[in-house]
Amino acid sequence: KSRETADPAADSSPKLAASEHRDEAALKKNLCVKAAKEHNIPKDLNKVLENKVMETVLGLSYVKLSVVERTCSGDADSEGIVSKSISSHTDLIPGVYEGGLKIWECTFDLMDYFSEAEIEFTNKTVLDLGCGAGLLGIVALRGEAARVHFQDYNSTVIDEITLPNVVANCTSKGRRMGSGKDRKASKPPSKRPRKAEGSPDVLNRCRFFSGEWSQVSQLLLSSNEPCSKYDIILTSETIYNPDYYSALHETLAQLLDRNGRVYLASKVHYFGVGGGIYLFEKFIEEKNVFRTSLVKTIDQGLQRCIIEITFKNSC
């Protein structure tokens, strides 16, 4: 499948009536914060892939999102984000749905950059922050990362999209996790529902979380489980809303290893929402905790960038 097929939002900014939702979002922010939750990997992996239709992009299997939108209802979508997104004709509903039902364009920019820059994931601990489909974390798994954790705001996204994608790329009936060097030669999987057999070691290297960033940080830092700090944090198109910059900055400061790196991909500006690379870089500069480095600019369509973020006092 082409990237355009995989990414129905390509060359577009999130569709959001900002003025319509801003007051509502502010009210919700004052009233409650979306609690963090860890999602366990079911013992019966066939249940994870049940009724899922899989497609491929760059050698990775992923759930066909349009089918999820048509079939996800009831207990499978306790948050109601699918129906709300469809009825509102919007890609974002602040404080309710944060875009995880789509694969955004900058995800592919980061995947290309990993290959071009030969980013090394071997034995690293990695966080896919705002993961959505989880493709970035899956690439890290292919690169032999020691542990990969996936986080998305919405629990429905984790259960119906992220977790199935990871399982589909890890199980014996799926594509075994390799180095990724042969991804262009891989064949599309069957459109029929996939059966999963066994639980390869790679799944034991994964954890899945939903909830607001600050809540997930608290859950991780208070956990008895190892790896509360990450060597690499990957995040794509998470700086579209300036209202979230404080929470994102605090999360990175709390969870990144002192000598770790963040790879962040974003459009230069998100029309109608207000965020973008330059505004976020200015925010980081004012906080004086991190330094940023522009490592790639993409001029096709809306201008996009990839920045590397490290602590100022790192080695």
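Note that the coordinates shown come from a computational prediction; the quantities given were computed from them, not determined experimentally.

Chemist: Teacher, can you tell me more about the overall build of the chain here?
Modeler: When its secondary structure is counted, the chain shows eleven helices and ten strands. Across the 315 residues in the chain, those meeting the buried criterion constitute 55%. Relative to all contacts within the chain whose residues are 6 or more apart in sequence, the contacts with residues 24 or more apart total 74%. With the model as given, the accessible surface of the chain reaches about 14200 Å², and the carbon-plus-sulfur share is 47%.

Chemist: Would you take a moment to explain helix α9 (residues 213–221) for this structure?
Modeler: Every α-helix winds through 3.6 residues per turn, so residues three or four apart in the chain are directed the same way. All of the buried residues in α9 are Trp213, Ser214, Val216, Ser217 and Leu220. For α9, the arc enclosing every buried residue in end-on projection is 160°, short of the 170-degree limit, so these residues lie on one face. Looking at the packing, one finds that the buried side of α9 touches β4 (125–129), β5 (147–152), β6 (206–210), β7 (230–236) and α10 (245–255).

Chemist: What is the right way to look at unusual backbone geometry in this model?
Modeler: With glycine set apart, most residues show a phi of negative sign, and most peptide bonds adopt trans. Despite not being glycine, Glu118 shows a phi value in the positive range, around 55°. Along the chain, Glu118 falls in the loop between α6 (105–116) and β4. The class for Glu118 is exposed, based on a relative accessible area of 68%. The phi angle at Asn123 is positive, at roughly 65°, despite the residue not being glycine. Structurally, the position occupied by Asn123 is in the loop between α6 and β4. You can call Asn123 exposed: its relative accessible area is 61%.

Chemist: Even after reading the chapter, I still don't get the pairing of β5, so can you show me in this structure?
Modeler: The side chains of a regular strand alternate between both faces of the sheet. Most of β5 sits out of view: five of its six residues are buried. In this sheet, β5 lies alongside β4 in parallel orientation, the contact comprising five bridges. Across the sheet, Asp128 pairs through a bridge with Phe150, a residue of β5. The parallel pair β4 and β5 is bridged by helix α7 (residues 135–142), and the resulting crossover is right-handed. Judged from the five bridges that link them, β5 and β6 form a sheet pairing that is parallel. When the bridges of β6 are listed, His149 appears paired with Arg207.

Chemist: Is there a simple way to think about α6 in this case?
Modeler: The terminal C-alpha atoms of α6, which comprises twelve residues, lie 17 Å apart, in line with the 16 Å expected from a rise of 1.5 Å per residue. Burial analysis of α6 places ten of its twelve residues in the buried class, the great majority of the element. All buried positions along α6 are accounted for by Glu105, Cys106, Thr107, Phe108, Asp109, Leu110, Met111, Asp112, Tyr113 and Phe114. Looking one or two residues beyond α6, the residue adopting positive phi is Glu118, at roughly 55°.

Chemist: Sorry, what's going on with the packing of α6 against α7 here?
Modeler: Working note: a packed helix pair is described by the angle between its axes plus the distance between those axes. One can describe the packing of α6 onto α7 by two numbers: an axis separation of 10 Å at closest approach and a directional angle of 20°. As summarised for this structure, α6 and α7 are arranged roughly parallel, according to the angle between their axes. Note that α6 runs across α7; the crossing there is right-handed. Residue-level contacts link Thr107, Phe108, Leu110, Met111 and Phe114 of α6 to Leu135, Leu136 and Val139 of α7. A breakdown of the residues in the contact of α6 with α7 according to their chemical character gives seven nonpolar, one polar and no charged.

Chemist: Mind showing me how you'd approach the sheet that holds strand β1 (residues 37–39) here?
Modeler: Two orientations exist for strands paired in a sheet by backbone hydrogen bonds: parallel and antiparallel. Ordered in space as β1-β6-β5-β4-β7-β8-β10-β9, the eight strands form an open sheet in which the pairing is mixed. Either end of the sheet is taken by a strand with one partner, and the two such strands are β1 and β9 (290–298). Ignoring which end each strand starts from, the neighbouring axes of this sheet average 20° apart. In this structure, β1 lies alongside β6, joined through three bridges in antiparallel fashion. Residue pairing in the sheet places Lys37 in a bridge with Ser210 of β6. Sheet strands in contact with helix α8 (residues 155–170) are β1, β5 and β6, and its direction is about 160° off that of β6. Strands β1, β4, β5, β6 and β7 of the sheet are contacted by α9, whose axis makes an angle of about 135° with β6.

Chemist: It is not clear to me how the packing of α10 against helix α11 (residues 277–287) should be interpreted in this structure. Could you clarify?
Modeler: Contact geometry of α10 with α11 gives a least axis separation of 11 Å together with a crossing angle of 55°. With respect to α11, the element α10 is oriented oblique. Between α10 and α11 lies a crossing of right-handed hand. Across the interface between the two elements, Tyr245, Ser246, Leu248 and His249 from α10 touch Leu279, Phe280, Phe283, Ile284 and Lys287 from α11.

Chemist: Before we go on, may I ask you to explain the pairing of strand β8 (residues 256–267) in this structure?
Modeler: As paired strands, β7 and β8 are joined by six bridges and run parallel to one another. Residue Leu234 lies in a different strand from β8, and its bridge partner there is Tyr263. The parallel pair β7 and β8, bridged by α10, forms a crossover whose chirality is right-handed. Where β8 meets strand β10 (residues 304–311), six bridges bridge the pair, whose relative direction is antiparallel.

Rules used in this analysis
- In this convention, every chain numbers its residues from 1, walking through the sequence in written order.
- Residue-level local features of this predicted model are given only where pLDDT is at least 70; pairs of side-chain atoms are given and counted only at 80 or more, and the full residue set underlies all totals for whole chains, interfaces and linings.
- Derived side-chain values reflect all non-hydrogen atoms in the structure, with water molecules and hydrogen atoms excluded from consideration.
- Only DSSP runs of H or I covering at least 4 residues are called helices, and only runs of E covering at least 2 are called strands; the numbering of each starts at the N terminus.
- Only protein chains enter the calculation, and the probe is 1.4 Å; a residue is then buried if its accessible area is under 20% of its type maximum, exposed if over 50%, and partly exposed in between.
- Residues count as neighbours in contact if any of their non-hydrogen atoms are within 4.5 Å of one another.
- Accessible surface is estimated by sampling points in the Shrake-Rupley manner with a 1.4 Å probe; for residues, cover comes only from the protein chains shown.
- An arc is given here, and it is the one of the directions from the helix axis to the C-beta atoms.
- Following DSSP output, two strands are said to pair if at least two bridges run between them.
- Call a crossover right-handed when, viewed with both strands pointing away from you, the route from the first strand across the helix to the second goes clockwise.
- One fewer than the residue count of a helix, multiplied by 1.5 Å, yields its expected span.
- The angle between two axes is taken between their N-to-C directions and runs from 0 to 180 degrees, where each axis is a line fitted to C-alpha atoms and a helix contributes only its stretch in contact.
- Should an angle lie under 35 degrees it is considered roughly parallel, over 145 roughly antiparallel, and from 65 to 115 roughly perpendicular; all remaining angles are considered oblique.
- Crossing handedness follows the turn of the near helix against the far one: under a right angle anticlockwise gives a left-handed crossing, and clockwise gives a right-handed one.
- Classification used: nonpolar for Ala, Val, Leu, Ile, Met, Phe, Trp, Tyr, Cys and Pro, charged for Asp, Glu, Lys and Arg, polar for all others including Gly.

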